[in-house]
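Secondary and tertiary structure notes
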Amino acid sequence: MDDFDETQQHRRLRPCLGSVTLSVLVAVYILAVANATFWTRAYTHLAIYPVAFIAFVIAIVAVTIAAMTAFSVKYLIKPALIFFVLVSVMAAWFTDQYGIVIDKEMIRNAAIMTQEAAAHLITPAFLLHLFFTGMLPSLFILWVRVVHRPFPQKFAWNMAVILPCLAVFVAAGLGFSQTYAAVGRLHRDIILSFNPFIPIGNAARYLFVSESDSSIARRPLGLDAHQRSSNPNHKPRVIVLVVGESARAQNFSLGEYSRETNPELKARDVVYYTNSTSCGTTTGVSLPCMFSVYPKRQYTLRKGLETDNLTDILGHAKVKVEWWDNNTGSYTVANRIPYRFLPDAADPRFCRDGECLDTALLDRLDEWLSGVKGDSVLVLHQNGSHGPGYYQRYPDDFRRFIPDCRTAEFGACTREEIINAYDNTVLFTDHVLARVIDILKRHGNSESTAMLYVSDHGESLGENGLYLHGAPDLLAPPQQTHVPIIAWLAPDFSAAAKIDTDCLARRAAEPTSHDNFFHSVLGLMDVATSLYDAKLDLFAACRDAAAG
């Protein structure tokens, strides 16, 4: 009897809520707590249409209530509502803090992100946010006793809520369709920040595409590739391709940046391409795109997976190709060539907590060059300027711009401190690239050497409230797509290839992009194939000039 009384007392302490009431409360909570960016953007772009904005708010509230009520079914309601709350508040953190859009490509990057990279995003502030805005409401949902009607009544009651809500949504949409269409075409970022439905929908799209991609069979490409001739100076051609990370051209003083972030490269006679754009705004898009034969307008992930890439085609031409990675992987580009993932070595000289400074890429470069027997290409994939933990990308000797942000939590830093930390990463990249050139110079007696550097994408540093990268292509600001491309050719390399370096410098302001990468490397290695397009080779016009 005592146990029965205690159970009854416990049940009386738990609040009772109808299933629809709980659904409505959760809908209102998500809209109020996890959609700050969504409402801010909507108001910014619709404020000049006050009636349309009010109708928009009513429509969004109505459709969210309808969606939550659809899960108002016994045994399903609590897990579903908790799932919606947790997804909403997690997505809201990254959207509100960094301006990130949780689209399919962002989810792809998150799915293959290393634990060390993820640790920079899963900060104490994020965990506190998740606890107070996600876990506590979820515990409340678990705690309350949901009152369910018999199924026929429940179905009728749910429909009595869902159908009017959908009618309100449709009426608002039709009533102001012209306004919403016009604003939506110009500002797609409004709906893309709507939680939790956009992240959930994009996650479903990613899973569907991933399942489809897993069955792709690779199609050989460029089997006709061959080198036209041996090097006229009888030395192996050696190119080091440095693939940067999150480096934006705007902060390179080789261009027009007022701060001196490239002092060492300026002393090394490099060619800096000032007007270059990336294939995407994430590594997962740009890296396989630039190594593929497809230009940006034709490239898709599926095409990249189903055809040989630049490393394969160089291999068809009997060029030795190797990949050293200090980032999050090659995104399948290096699947068929020798590959080294430097953080696995955990060398204490360069590495800590699973991540390494980019000087780790230089450690065995001398040794590798000494072992070169024939024409070779080495890819160095940098950690570069990967955020938000910029301060971990450079040693203390390169803390030139201070005060610099010493945390991955941007909310704890001023924008000036964030920019200072980012500029220090560019300064350190300048040093690493200069060291690569110096090491290549030391091997000039035995090899004809060159270096080509290109960043995978840029980075936002607070412009228009955006940070980091990954904006959808149609919304991407220039800070995320304007990237540096830098070339250095040893004198004997350019002479043997008949490339006029003065001509390169004169043409360096012409528009260039990742589309040029594939063909430029083939041209430098003198590889002939039906895939090669001289019009996309950065060096072809100046090779003709030298020959003329």
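Let us look at the overall build of the chain. Across its full length, the chain holds 23 helices and 16 strands. With the C-alpha coordinates of the chain rotated into their principal frame, the extents come out at 95 × 50 × 45 Å. Put simply, the chain has 548 residues, and 56% of those count as buried. Relative to all contacts within the chain whose residues are 6 or more apart in sequence, the contacts with residues 24 or more apart total 78%. Total accessible area on the chain is roughly 24,100 Å²; 60% of this is exposed by carbon and sulfur atoms. Distance between charge centroids for the chain: 6 Å, based on 48 positive and 54 negative side chains.

What follows covers the packing of helix α5 (residues 77-98) against helix α8 (residues 124-143). Interhelical geometry of α5 versus α8 gives an angle of 165 degrees and a closest axis separation of 9 Å. By the criterion of interaxial angle, the relationship of α5 to α8 is roughly antiparallel. For the pair α5 and α8, the crossing hand works out as right-handed. Facing α5, whose interface residues are K78, L81, I82, V85, L86, V89, M90, W93 and F94, α8 presents A125, F126, H129, L130, T133, G134, M135, P137, S138, I141 and L142. Residue composition of the contact of α5 with α8, by class: 15 nonpolar, 4 polar and 1 charged.

This next bit is on the pairing of strand β11 (residues 448-455). For β11, the tally of buried residues reaches 8 of 8 residues, placing the bulk of the element in the interior. A two-sided burial pattern is seen for β11, the buried positions comprising S448, A450, L452 and V454 on one face and T449, M451, Y453 and S455 on the other. Of the pairings in the sheet, the one linking strand β4 (residues 237-244) to β11 comprises 8 bridges and is parallel in character. When the sheet's bridge partners are listed, G244 is paired in β11 with S455. Two strands pair when backbone bridges link them, and β11 and strand β14 (residues 482-489) are joined in this way by 5 bridges, in the antiparallel orientation. Counted as the bridge partner of L452 is A487 from β14.

Let's shift gears to the layout of surface pockets. If you add up the space inside the second largest pocket, you get close to 590 Å³. Looking at the second largest pocket, it is lined by 23 residues, and the ones nearest its centre are D103, E105, V285, P472 and D473. Contributions of two or more residues to the lining of the second largest pocket are made by α6 (104-112), α12 (197-213) and α14 (283-290). With 3 residues, α6 is the largest single contributor of residues to the lining of the second largest pocket. Among the residues making up the lining of the second largest pocket, the classes are represented as 8 nonpolar, 7 polar and 8 charged.

In this model, N195 is joined to P196 through a cis peptide bond whose omega is 0 degrees. Within the secondary structure, P196 sits in the loop between α11 (189-192) and α12. Cis peptide bonds are those with omega within 30 degrees of zero, and the linkage from G387 to P388 qualifies with 5 degrees. Of note, P388 is situated in the loop between β10 (376-381) and α18 (415-442). Positive phi outside glycine occurs at T332, with the angle close to 75 degrees. With respect to the helices and strands, T332 occurs in the loop between β6 (320-325) and β7 (339-341).

Basis of the calculations
- Residues numbered from 1 in each chain as written.
- Predicted model: local features only at pLDDT ≥ 70, side-chain atom pairs only at ≥ 80, totals over all residues.
- Heavy atoms only, no water.
- Helix = DSSP H or I, 4+ residues; strand = E, 2+ residues; numbered from the N terminus.
- Buried < 20%, exposed > 50% of the residue type's maximum accessible area, 1.4 Å probe, protein only.
- Contact = heavy atoms within 4.5 Å.
- Areas by Shrake-Rupley, 256 points an atom, 1.4 Å probe, with all protein chains shown as cover.
- Lys, Arg positive; Asp, Glu negative; His and termini not counted.
- Charge placed at Lys NZ, Arg CZ, Asp CG, Glu CD.
- Axes fitted to C-alpha atoms, helices over the stretch in contact; angles between N-to-C directions.
- Parallel < 35°, antiparallel > 145°, perpendicular 65-115°, else oblique.
- Left-handed = near helix turned anticlockwise from the far one by under 90°.
- Nonpolar A, V, L, I, M, F, W, Y, C, P; charged D, E, K, R; others polar.
- Pairing = 2+ DSSP bridges.
- 1 Å grid on protein atoms, 1.4 Å probe; cavity = no way out; pocket = protein on both sides within 12 Å on 5 of 7 lines; lining within 4 Å.
- Points joined across faces, edges and corners; volume = space filled by probe spheres on them.

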